[in-house]
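# Summary of the model geometry
Single-letter residue listing:
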Amino acid sequence: MGSNMAECHPVAFRWPMKAKLNGAKLIHVDPRFTRTSAVADLHVPIRAGSDIAFLGGLINYVINSQRWNTDPFFKEFVVNYTNAATIINDDFKDTEDLEGVFSGLKGFKEPDFWPENGNLGAYDNASWAYKRGPKGPGPATKDLIAKRAGPPFDDLVRSLKPGPAERDATLQNPHCAFQILKRHFSRYTPEMVEQVCGSPKEKFIKVAEALLENSGRDRTSAFAYAVAWTQHTYGVQMIGCCALLQLLLGNIGRPGAGVMALRGHAAIQGSTDVPTLYHSIHGYLNAPSALRPHETLRDYMAAETAPTSYYGNTPKFLVSYLKSMYGAAATAENDFGYDWHPKILGDHSHIAMFSAMGDGRVKGMCCVGQNPATSLNGQATRRALRQLDWLVVKDNWLTETATHWYLAPEVKNGEVKSADIKTEVFFFPSTQIAEYDGSYTNTQRMLQWHSFATKAPGDCRTDSWFYHNLAKRLRKAYATSTLPRDQGWKNLTWDFDPDPADPAYGTALYPGEISALKVLREINGYQTADPKQHLKGFGDLKDDGSTTCASWIYCGCYPAPDQNMTARREPDPPGVPGAHLKWGWAWPANRRVMYNRASADLKGNPWSERKRWVWWDPNFVNPPDPKTGKPVPHGKWVGYDTPDFAATKAPDAQPKPDGIGLDALSGAQPFIMRADGRGWLFVPAGLVDGPLPTHYEPHESPVQNLLYKQQSSPVHKVWSLGKPWNPIASVGDPKFPYVISTYRLTEHYLAGAMSRWLPWLAELMPELFIEIGKGLAQEKGIKNLDWVVVSSPRGHIRAKALVTDRIGVMKIAGKTIHHVGMPWHWGWMGLSTGDVVNDLTAWVGDPNVSIHEGKAFVCNVERA
């Protein structure tokens, strides 16, 4: 679901095809019949944007099925390994009580210093919390902050421990998470799924029965999704709904199970781990923010540390990160330079920044490996680019973003004059991936090292060269500043030049180039005392300044100068049901299946021999504790994978009364990153749009919401609301009656900057088209290969018609709804050119991660 894996991830799709040869069943739920559908055992059509209704129907079907209620495996897994039994606050109100919204809904006031957050509303999530007993004795957090307690920060973390959550293992309490979700999804019947999604009832039931049949002690099922689940105003909730279903089926933490995010290229995963995202620093720690209680180092720790999970180690992760930033200048006396670190002001995501740019609040932009001139609401984006004082574009070729000032459609048709554009544009020619050393992290969270194959032509330089030399110039520029805001630059540590005297860190490929292995060392971490010994794993991190580590989740990928784990390429021997632990290195700690303690039962035994993965060996003889020299009791978690658990914690171990981190969890709580050690069916904190997935309509929809009075998510984002460059269609607008999805082709890549310049690919897929069903084509008098005009409230474009049976018409609440689809790889540059499909899209998005809604909006189609 949410993916055309065969065409968009063809290398990864080899594995589902191998599984199919071994007898696995492949199901594809998608608005189009694609090459993925063609090899599936079952294709189920679905209206774009209605996936939560479909998944919610599966949840309702599963928990009311005879198999789920009679097989003891499901109850044992759900009661013990999820928060199904946890009691929620008495004052929580569900969508069933409030006509489609949750308790705590309120307005949202934009702060004056950054009015670009886009929120239509906000929730106060206090009522979503667990019902708890009294908190234990100990000093108050605010007193420890005032006294500047730590390092070590254990007392501060311990003060954050809440009282114990109340539970009902019988799952009968009406306020337990299971009963709340059972009521919540009760209206998601097969009949309602058919009405909302357009998916035939009999096909929906086939999917539900297949999942039940292929889940349990001996069998597991997996979901794979891509951007067709993320690019919605409720995309995070779609993925969460799938995770909820998989937890109910016991399909998390086990081999052949899970929810797999199919990333768009080799290092998209890496670009969020070592983030190019505005809202997180390395390893998914939240960025210090002016909108949150992050005033001081201890305020940040108090706000961001979950004391009863592995995140109880957040002070160690944060201090080691700050030491990586500021080196010897970061000391306990100055809170390790925390005050030097920049804070975000709010939403600085792509659309929010372009909205601010359009209002003149952004003066300059470095655009690297991105082509926004063909991006979301293209005309508004290009208008925003024209407000800049300066623009730097670094890419392989002259992209649409580099040339918008003289070749954009609005310039060519005379609406905009180049002479009126004030922006000064610089272009830096870039290398490609085979022209430098480095690593990438793929969808499996696996780091793999690559070495350069050939040097780049002419003046082409790597991104690392660009940032390395820019940073050195900026440090020089700030060297004499006495302004407090510039102290971070003055104290920044920056040691990435090659060291000819040290063979481990090599020589430069290009003049002024970095040592890629020095960057990997910085990410992995090392002891700050000389000699700078590489860290073996994140268990070595300290909060006293003795360790530096840019990204705690990558710690262990480079444990010694001669041990680059990411460069390994040794597969498991044939016939071994292993995890290929010597092929590359996967975070965290080279684990290939996250939360794999859940692959064993409460006693630590495999759920079945067929699904054996990680298990407890009570006879394993452990060496003495390396720190204390004391003997360690027999017993250890072993298996085909690196256990995602405390290695010597027995299954019957109980939490330590005063414990923090993993010491606060028992030996039967597998989800060690959650504060209660359990998978969350009900999400009490962390999401801004509700604790349970709920079907809402896309922001632009041809129909009313059949499930609730609330039409769309009450807290999703709309930027530049009411401004002429972001007009929005009303519900059921007859001028725009058709649902449109943008999609991708195998032959082209993203905005086309890496594919439209290549003759072979341009010849294979030479021009833009719109895929429409035969019924709509007949209705509109459109024949195959006719030129058509596609319009939305934001603009109109031309494309060739591709008339097929693969996309078409469905009945939604008795109303005939046509789907159309368009690839979005074209622009005006390159060997193959075409109109910009994203000129049709809107600046609306998900409230959790601000991704746009490009998979479900409305349009009109006319013969040109």
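Residues numbered from 1 in each chain as written. Predicted model: local features only at pLDDT ≥ 70, side-chain atom pairs only at ≥ 80, totals over all residues. Heavy atoms only, no water.

Our focus in this paragraph is the overall build of the protein chain. When you go through the protein chain residue by residue, the secondary structure sums to 25 helices and 27 strands. A compact globule built from 864 residues would reach a C-alpha radius of gyration of about 29 Å, and the protein chain, at 27 Å, matches this within 12%. Summarising its shape, the C-alpha atoms of the protein chain cover approximately 85 × 70 × 60 Å along the three principal directions. A burial count over the protein chain gives 55% of its 864 residues as buried. Summarising the internal contacts of the protein chain: among those between residues at least 6 apart in sequence, 69% fall at separations of at least 24. If you sum the accessible surface of the protein chain, you get close to 35900 Å²; carbon and sulfur atoms cover 56% of it. Distance between charge centres in the protein chain, computed from 93 positive and 87 negative side chains, equals 1 Å. (Helix = DSSP H or I, 4+ residues; strand = E, 2+ residues; numbered from the N terminus. Rg over C-alpha atoms; globule rule 2.2 N^0.38 Å. Buried < 20%, exposed > 50% of the residue type's maximum accessible area, 1.4 Å probe, protein only. Contact = heavy atoms within 4.5 Å. Areas by Shrake-Rupley, 256 points an atom, 1.4 Å probe, with all protein chains shown as cover. Lys, Arg positive; Asp, Glu negative; His and termini not counted. Charge placed at Lys NZ, Arg CZ, Asp CG, Glu CD.)

Extensive coverage of helix 9 (residues 177-184) is indicated by the burial of 6 of its 8 residues. Buried residues in helix 9 make contact with helix 4 (51-63), helix 5 (66-70) and helix 13 (235-248).

The subject of this paragraph is the pattern of salt bridges. The full count for this structure, using the stated rule, is 39 salt bridges. The partner of R382 in a salt bridge is E410, and the shortest N-O contact between them spans 2.8 Å. With R382 in helix 18 (residues 378-385) and E410 in helix 20 (residues 409-412), this pair connects stretches of sequence that are 28 residues apart. Residues R382 and E410 agree in their burial class; the two are buried. Across the pair E410 and R386 runs a salt bridge, and its minimum N-O distance is 3.3 Å. In this pair, E410 is assigned in helix 20 and R386 in the loop between helix 18 and strand 10 (390-395), connecting sequence segments 24 residues apart. (Salt bridge = Lys/Arg side-chain N within 4 Å of Asp/Glu carboxyl O.)

Attention now goes to the domain arrangement of the protein chain. Taken domain by domain, the protein chain holds domain 1 (350-429), domain 2 (438-566), domain 3 (595-669) and domain 4 (717-863). Domain 3 and domain 4 are separated by 52 Å when their C-alpha centres are compared. (Domains from an automatic or database assignment.)

Now for the pairing of strand 9 (residues 364-368). Within a regular strand, the side chains alternate between the two sheet faces. Here strand 9 pairs with strand 10 via 5 bridges, running parallel. Residue pairing in the sheet places C367 in a bridge with V393 of strand 10. With helix 18 bridging strand 9 and the parallel strand 10, this β-α-β connection has right-handed handedness. (Pairing = 2+ DSSP bridges. Right-handed = clockwise from strand over helix to strand, strands pointing away.)

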